[in-house]
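# Residue-level structure breakdown
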Protein chains: 2
Amino acid sequence: MARDQHPKQERAQATRAAIVLAAATVFARRGYARTTLDEVAVAAGVTKGALYFHFSSKHDLADAVIEEETRITSERAQATLAEGRPGLETLVRLTLGFTIEIVDDVVVAAGVRLTTEELGDELHVHLPYEMWAEVYLGLLRRGVDEGQLRSDLDPEKVARFLVAAFTGVQSVSNVLTGRADLVPRVREMWETLLPAICAPEQLDGCRHLPELITR
Amino acid sequence: MARDQHPKQERAQATRAAIVLAAATVFARRGYARTTLDEVAVAAGVTKGALYFHFSSKHDLADAVIEEETRITSERAQATLAEGRPGLETLVRLTLGFTIEIVDDVVVAAGVRLTTEELGDELHVHLPYEMWAEVYLGLLRRGVDEGQLRSDLDPEKVARFLVAAFTGVQSVSNVLTGRADLVPRVREMWETLLPAICAPEQLDGCRHLPELITR
């Protein structure tokens, strides 16, 4: 029996991962309220019993998708941060990377949808906002220290606004064009914000940064 | 019989208005997908038959709430526009007025919720975004003409971004604090954006504008 333990655990993990991916596909298309566990089981190709072995409710499943989104996006963020570029360029590259992930990765798209739907306390919807605000704050502080951002910048205020503005750009792009114009809209966000946050003498040197956002 | 016609029409209009208000209350609390026509009928104090006399589906009802939100907010916007203040101050006052309406008026709160949920083509969710972008565009152009905004401003780009940023501020405030911090967050939005859009020599004179946003 002991010899079977390891393969069994691997199979269980693979099943769990397949369920999370299937749930993301359904949540991204239909949102939290209209998703049923039956649909997720069908999409994952598992029995409802197998699904309940891993997740006791839709709430658990949505939390797992949001956690997986946070894991994927924070891993990418860590990699971008490790490149050691200046604070402002790192910030622009982070939002670029996240924009492309939203378009390309259904788990990220589902996580964004679940965390922008108005679900109140039902899910850990605040997690990604807090993570991004923290990362933005560090980069804005670094940008001030490096002299590229205004010395009188209030990094906490700008970090909070950046999280909200980026969320709104995603949500309006989704409503109006199904995210078809998301990349140019994120570029516009930066073109608009740079004169607000760059040190005046640094602005000309920073204007190329939004062009980093291409697919 | 003809003498009864007028009172009957009035009663029908009052019933319809009561249903729209009740629907807004339920949509604002539970969102589109989880709202049922039964709940709306109970909240409105009408029979389901009376409800169906006015609205053939939940879709119709949500459309009526969005139309009513657009009517309320555009009436207020028209009144603010008619005051004839400078473009930038009018813009700040419009977002202030809308912020307070979201907090105070359940029809506006419901309309905002219905139009930020990701419902795709199911509802006329694009209407308020297009209306606001159009109004912002006119005011930004006026602000450039009046010399308070940068002469090199791209009003269409800034109008689009402002709609998205304001939407995101509302949505993040709702997720994180149930809109308890909405007014200070809108003030921060303007404090961050003013250096991006004001003509440099006008900035000091414009810094007081976000303080207009009080309740």
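One numbering rule holds for all chains: residues counted from 1, following each sequence as written. The order in which chains are written sets their letters, starting at A; the order in which ligands are written sets their numbers, starting at 1. A pLDDT threshold of at least 70 governs which residues receive local features in this predicted model, and a stricter bar of 80 or more applies before side-chain atom pairs are shown or counted, although totals over entire chains, interfaces and linings include all residues. Heavy atoms throughout the structure, all of them, feed into the side-chain values; hydrogens and water do not.

Attention now moves to the overall build of chain A. Helix and strand definitions follow DSSP, with helices as H or I runs of at least four residues and strands as E runs of at least two, each counted in order from the N terminus. Counting secondary structure elements, chain A contains 10 helices and zero strands. In chain A, the succession of α and β elements from N to C terminus is α-α-α-α-α-α-α-α-α-α. Its C-alpha atoms put chain A at 70 × 40 × 30 Å along the principal axes. Counting all 215 residues of chain A, 53% fall into the buried class. Contact criterion: two residues are considered in contact whenever any of their non-hydrogen atoms come within 4.5 Å of each other. If you take every contact in chain A between residues at least 6 apart in sequence, the share linking residues at least 24 apart comes to 69%. For the accessible areas, the method is Shrake-Rupley and the probe is 1.4 Å, while residue cover comes only from the protein chains on display. Approximately 9,600 Å² of chain A is accessible, and the part contributed by carbon and sulfur atoms is 51%. Chain A carries 24 positive and 32 negative side-chain charges, and their two centres are separated by 5 Å. Residue burial is assigned from relative accessible area. The probe radius is 1.4 Å, only protein chains are included, and a residue is buried under 20% of its type maximum, exposed over 50%, and partly exposed in between. Charge convention: Lys and Arg are scored as positive, Asp and Glu as negative, and His as well as the terminal groups of each chain are ignored. The location of each charge is read from NZ of Lys, CZ of Arg, CG of Asp or CD of Glu.

Turning to the UniProt feature "DNA-binding region" (unreviewed entry) in chain A, a few remarks are in order. UniProt positions are given in the numbering used here, feature names are shortened, and annotations may be inferred rather than shown by experiment. Here the UniProt feature "DNA-binding region" (unreviewed entry) sits at residues 36–55 of chain A. The annotated region residues 36–55 of chain A carries 75% helix and 0% strand content, and the separation between its end C-alpha atoms amounts to 13 Å.

Salt bridges are defined as contacts in which a side-chain nitrogen from Lys or Arg sits within 4 Å of a carboxyl oxygen from Asp or Glu. Inspection of the entire model under this criterion finds 28 salt bridges over all chains. For Arg76 of chain B, the salt bridge is made with Glu101 of chain B, and the minimal N-O distance between the two is 3.2 Å. With Arg76 of chain B in helix H4 (residues 58–82) and Glu101 of chain B in helix H5 (residues 87–104), this pair connects stretches of sequence that are 25 residues apart. What makes Arg76 of chain B partly exposed here is its relative accessible area of 36%. On the basis of relative accessibility, which here comes to 9%, the residue Glu101 of chain B falls in the buried class. Taken together, the shared-partner salt bridges in this structure form one network comprising Glu83, Arg85, Glu89 and Arg93 of chain A.

So, on to the relation of the copies chain B and chain A. To superpose the copies, least squares is applied to the C-alpha atoms of every residue with a pLDDT of at least 70 in both. Between the two copies, chain B and chain A, the superposition gives an RMSD of 0.0 Å; the rotation angle is 180 degrees and the shift along the axis is 0.0 Å. When the rotation and shift are considered jointly, the pair of chain copies conforms to a two-fold rotation axis. Mapped onto chain A, 100% of the interface residues of chain B again fall at the interface, so both copies present the same surface.

Describing an aromatic ring pair means giving the distance of the ring centres and the angle of the ring planes. All names here are of chain A. Under the pairing criterion, centres of Phe, Tyr and Trp rings, with the six-membered ring standing for Trp, must be within 6.5 Å; the plane angle then separates stacked pairs below 30 degrees from edge-to-face pairs above 60, leaving the rest tilted. One pass over the full model with this rule turns up nine aromatic pairs over all chains. Between Phe98 and Phe166, the aromatic rings sit 5.7 Å apart at their centres with planes inclined by 65 degrees, giving edge-to-face as the arrangement. Remark: Phe166 occurs in helix H8 (residues 155–177) and Phe98 occurs in helix H5 (residues 87–104); sequence separation between them is 68 residues. Here Phe98 and Phe166 have matching classes, each one buried. Clustering of aromatic rings is evident, with ring pairs tying together Phe98, Trp132, Tyr136 and Phe166. A ring is considered to have a charge above it if a Lys NZ or an Arg CZ atom is located within 6 Å of its centre and within 35 degrees of its normal. One Lys or Arg, Lys58, reaches over the ring of Tyr32 and ends 4.7 Å from the middle of that ring.

Moving on, we get to the packing of helix H7 (residues 126–145) of chain B against helix H8 (residues 155–177) of chain B. All names here are of chain B. At their nearest, the axes of H7 and H8 sit 8 Å apart, and the two run at 130 degrees to each other. Considering their axes alone, H7 and H8 lie oblique with respect to each other. Note on packing geometry: the crossing formed by H7 with H8 is right-handed. Contacts between H7 and H8 pair Tyr129, Trp132, Ala133, Tyr136, Leu137, Leu140 and Arg141 from the former with Pro155, Glu156, Val158, Ala159, Leu162, Val163, Phe166 and Thr167 from the latter. Of the residues belonging to the contact of H7 with H8, the class tally is 12 nonpolar, one polar and two charged. Here, axes are lines fitted to C-alpha atoms. For helices the fit covers the stretch in contact, and angles between N-to-C directions go from 0 to 180 degrees. By the definition adopted for this analysis, an angle is roughly parallel if under 35 degrees, roughly antiparallel if over 145, roughly perpendicular if from 65 to 115, and oblique otherwise. By definition, turning the near helix anticlockwise from the far helix through less than a right angle yields a left-handed crossing, and turning it clockwise yields a right-handed one. Amino acids are sorted into nonpolar (Ala, Val, Leu, Ile, Met, Phe, Trp, Tyr, Cys and Pro), charged (Asp, Glu, Lys and Arg) and polar (every other residue, Gly among them).

Before going further, it helps to spend a moment on the interface of chain B and chain A. Listed by partner, the interface residues are 36 residues for chain B and 37 residues for chain A. Between chain B and chain A, roughly 3,400 Å² of surface is buried when both sides are summed, and carbon and sulfur atoms account for 61% of that area. On the surface where chain B and chain A come into contact, there are four salt bridges. The salt bridge involving Arg160 of chain B is made with Glu188 of chain A; its shortest N-O contact spans 2.3 Å. Polar contacts, as counted here, are pairs of nitrogen or oxygen atoms within 3.5 Å of one another; within protein the pair requires one atom able to donate a hydrogen and one able to accept it, and residues that are adjacent in sequence qualify only if both atoms are side-chain atoms. Joining chain B to chain A, the criterion identifies four residue pairs in polar contact (both at pLDDT 80 or more). Buried area is a sum: the accessible area each of two parts loses on coming together, probed at 1.4 Å, counted once for each and added.

Now for the UniProt feature "domain: HTH tetR-type" (unreviewed entry) in chain A. Residues annotated by UniProt as "domain: HTH tetR-type" (unreviewed entry) correspond here to residues 13–73 of chain A. Within residues 13–73 of chain A, the helical portion is 87% and the strand portion 0%, while the C-alpha atoms at the span's ends are 21 Å from each other.

Across soluble globular proteins, nonpolar side chains have a tendency to be buried as a group. In this structure, Met189 and Trp190 of chain A together with Met189 and Trp190 of chain B are the most contacted members of the largest nonpolar core, which totals 130 residues. Once residues lying within four places of it in the same chain are set aside, the contact partners of Met189 of chain A are Leu162, Ala165, Phe166 and Val169 of chain A together with Phe161 of chain B. What is meant by a nonpolar core is a set of buried Ala, Val, Leu, Ile, Met, Phe, Trp, Tyr and Cys residues, joined one to another through side-chain atoms within 4.5 Å.

Quick look at the environment of Leu193 of chain B now. Considering the arrangement of structural elements, one finds Leu193 of chain B in helix H9 (residues 182–197). Along the sequence, Leu193 of chain B and Val158 of chain B sit 35 residues apart, while their C-alpha atoms lie 9.9 Å from each other. Residues within four places of Leu193 of chain B in sequence aside, it is in contact with Phe161, Thr192 and Leu193 of chain A together with Phe161 and Leu162 of chain B.

Before going further, it helps to spend a moment on the packing of H5 of chain A against H8 of chain A. Residue and element names in this part refer to chain A. Direction vectors running N to C along H5 and H8 enclose 30 degrees, while the axes themselves pass 12 Å from each other. With respect to H8, the element H5 is oriented roughly parallel. As for the relative orientation of H5 and H8, their crossing is right-handed in sense. Seen from H5, the contacting residues are Leu91, Thr95, Phe98, Thr99 and Ile102; seen from H8, they are Leu162, Phe166 and Gln170. Its residues placed into classes, the contact of H5 with H8 shows five nonpolar, three polar and no charged.

Turning our attention to unusual backbone geometry. If you check the backbone angles, Arg179 of chain A has positive phi at about 75 degrees while not being a glycine. As for its placement among the helices and strands, Arg179 of chain A is situated in the loop between H8 and helix H9 (182–197).

Residues three or four positions apart in an α-helix share a direction because the helix packs 3.6 residues into each turn. Residues and elements named next belong to chain A. End to end, H8 covers 32 Å across 23 residues, agreeing with the expected 33 Å (1.5 Å per residue, within 8%). Burial runs high along H8: 19 of the 23 residues are buried. Looking one or two residues past H8, Gly178 carries a phi angle of roughly 60 degrees, positive in sign. A helix is expected to reach a length of 1.5 Å times the quantity of its residues less one.

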